[in-house]
Amino acid sequence: MTQLGLPEEILACLFDLDGVVTKTAAVHAAAWKATFDAFLREREGEHFRPFDSVTDYDEYVDGLPRPDGVRTFLASRGIELPEGEPGDPPDAPTVHGVGNRKNDLLLATIRTGGVEAYQSTLRYIEAVRAHGLRTAVVSSSANCRDVLRAIGAEDLFDVRIDGVVAAERHLPGKPHPDTFLAAAHDLGTDAAHCAVFEDALAGMDAGRSGRFGYVVGVDRAGQRDALYAHGAHRVVDDLAELGGQASGT
């Protein structure tokens, strides 16, 4: 292992955004809860069963592209909606409409300064780059660039593969490995020489199925065993544990 806590053969590092670089998992969970609870209340009345910001978020929406999260969660409640169109208004009773309602809530939080970075992750990325490794951010979010700009971290990544790029290239999202593989390709290396850093189980699945050289699970939600079961080579509570120049929280 190197001073960065990575195998010697690793040449590039691919970082998920939400929950690894930024503390936006809670922001996403709150936006999903407000969206789904309003939808379910309108559909089922005051005795609806609310969206759980921990169990439902982890199982049905964490790490997935927004439309997939809408479909997956609603299917768990026996609800199927028409797909609609990407430009549907946020009150439309469609998959895209519900997803756009959630996105509007999220953007309002981002624009009012409601996003924080994990400073230890930023220090670790700086250490990675100082050691000559290339870096990419891989996120299902279409708001990735806005979030990176909000925390002043856009320049820490050589490549960005996010929801916008994935749509342009017709790449399926996590748990498929395609977005991570695209990042490796754009960095000029292959999966065997890349490390993946993820906090979501869908991201672990992507790392495993893509045969990446090293997969680091970041346990922000008390799911260490599940991260290992889904393909992590190592699980940490914080990237400071890996070494390099990262320290603190």
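This text gives an overview of the structure that appears in the document. (Residues numbered from 1 in each chain as written. Predicted model: local features only at pLDDT ≥ 70, side-chain atom pairs only at ≥ 80, totals over all residues. Heavy atoms only, no water.)

**Some thoughts on the environment of Asp205**
- With respect to the element layout, Asp205 can be found in helix H9 (residues 201-209).
- Considered as a pair, Asp205 and Val218 are 13 residues apart in the sequence and their alpha carbons are 14 Å apart.
- Those residues in contact with Asp205, other than ones at most four positions away along the chain, are Pro175 and His230.
- Here the side chain of Asp205 touches Arg208 through a polar contact of 3.3 Å, side chain to side chain. (Helix = DSSP H or I, 4+ residues; strand = E, 2+ residues; numbered from the N terminus. Contact = heavy atoms within 4.5 Å. Polar contact = N/O pair within 3.5 Å; in protein donor to acceptor, adjacent residues only side chain to side chain.)

**Topic: unusual backbone geometry**
- A cis amide bond, omega 15°, links Lys174 with the succeeding residue Pro175.
- Structurally, Pro175 is set in the loop between helix H7 (163-169) and helix H8 (178-186).
- Despite not being glycine, His170 has its phi angle at roughly 60°, a positive value.
- Among the structural elements, His170 can be located in the loop between H7 and H8.
- Located in the positive-phi region is Arg211, a residue other than glycine, with phi close to 55°.

**Remarks on the layout of surface pockets**
- Its volume calculated, the largest pocket comes out at about 740 Å³.
- Of the residues forming the lining of the largest pocket, the biggest block, seven residues, is contributed by helix H4 (residues 95-111).
- Classifying every residue of the lining of the largest pocket gives 17 nonpolar, 14 polar and 10 charged.
- Considered as a void within the structure, the second largest pocket measures approximately 180 Å³ in volume.
- Those elements that provide at least two residues to the lining of the second largest pocket are helix H1 (25-44) and helix H2 (55-61). (1 Å grid on protein atoms, 1.4 Å probe; cavity = no way out; pocket = protein on both sides within 12 Å on 5 of 7 lines; lining within 4 Å. Points joined across faces, edges and corners; volume = space filled by probe spheres on them. Nonpolar A, V, L, I, M, F, W, Y, C, P; charged D, E, K, R; others polar.)

**Comments concerning the packing of H1 against H4**
- The interhelical angle for the contact between H1 and H4, taken along N-to-C directions, is 140°, at an axis separation of 9 Å. The pairing of H1 with H4 is recorded here as oblique in orientation. Seen from above, H1 lies across H4 with right-handed handedness. When H1 is examined against H4, the residues Val27, His28, Ala31, Trp32, Ala34, Thr35, Phe36, Ala38, Phe39 and Glu42 are found in contact with a partner set consisting of Val98, Arg101, Lys102, Leu105, Leu106 and Thr109.
- For the contact of H1 with H4, the residue count by class is 10 nonpolar, three polar and three charged. (Axes fitted to C-alpha atoms, helices over the stretch in contact; angles between N-to-C directions. Parallel < 35°, antiparallel > 145°, perpendicular 65-115°, else oblique. Left-handed = near helix turned anticlockwise from the far one by under 90°.)

**Observations concerning the side chain of Lys174**
- The topology assignment puts Lys174 in the loop between H7 and H8.
- Taking the relative accessible area as the measure of exposure, Lys174 reaches 3% and is therefore buried.
- Within the structure, Lys174 has its side chain in polar contact with the backbone oxygen of Val138 (distance 3.3 Å).
- A polar side-chain atom of Lys174 sits 2.6 Å from a polar atom in the side chain of Glu198.
- If we ignore the near neighbours within four places in the chain, the residues touching Lys174 are Asp16, Gly63, Leu64, Pro65, Val138, Ser139, Ser140, Thr179, Phe180, Glu198, Ala202 and Gly203. (Buried < 20%, exposed > 50% of the residue type's maximum accessible area, 1.4 Å probe, protein only.)

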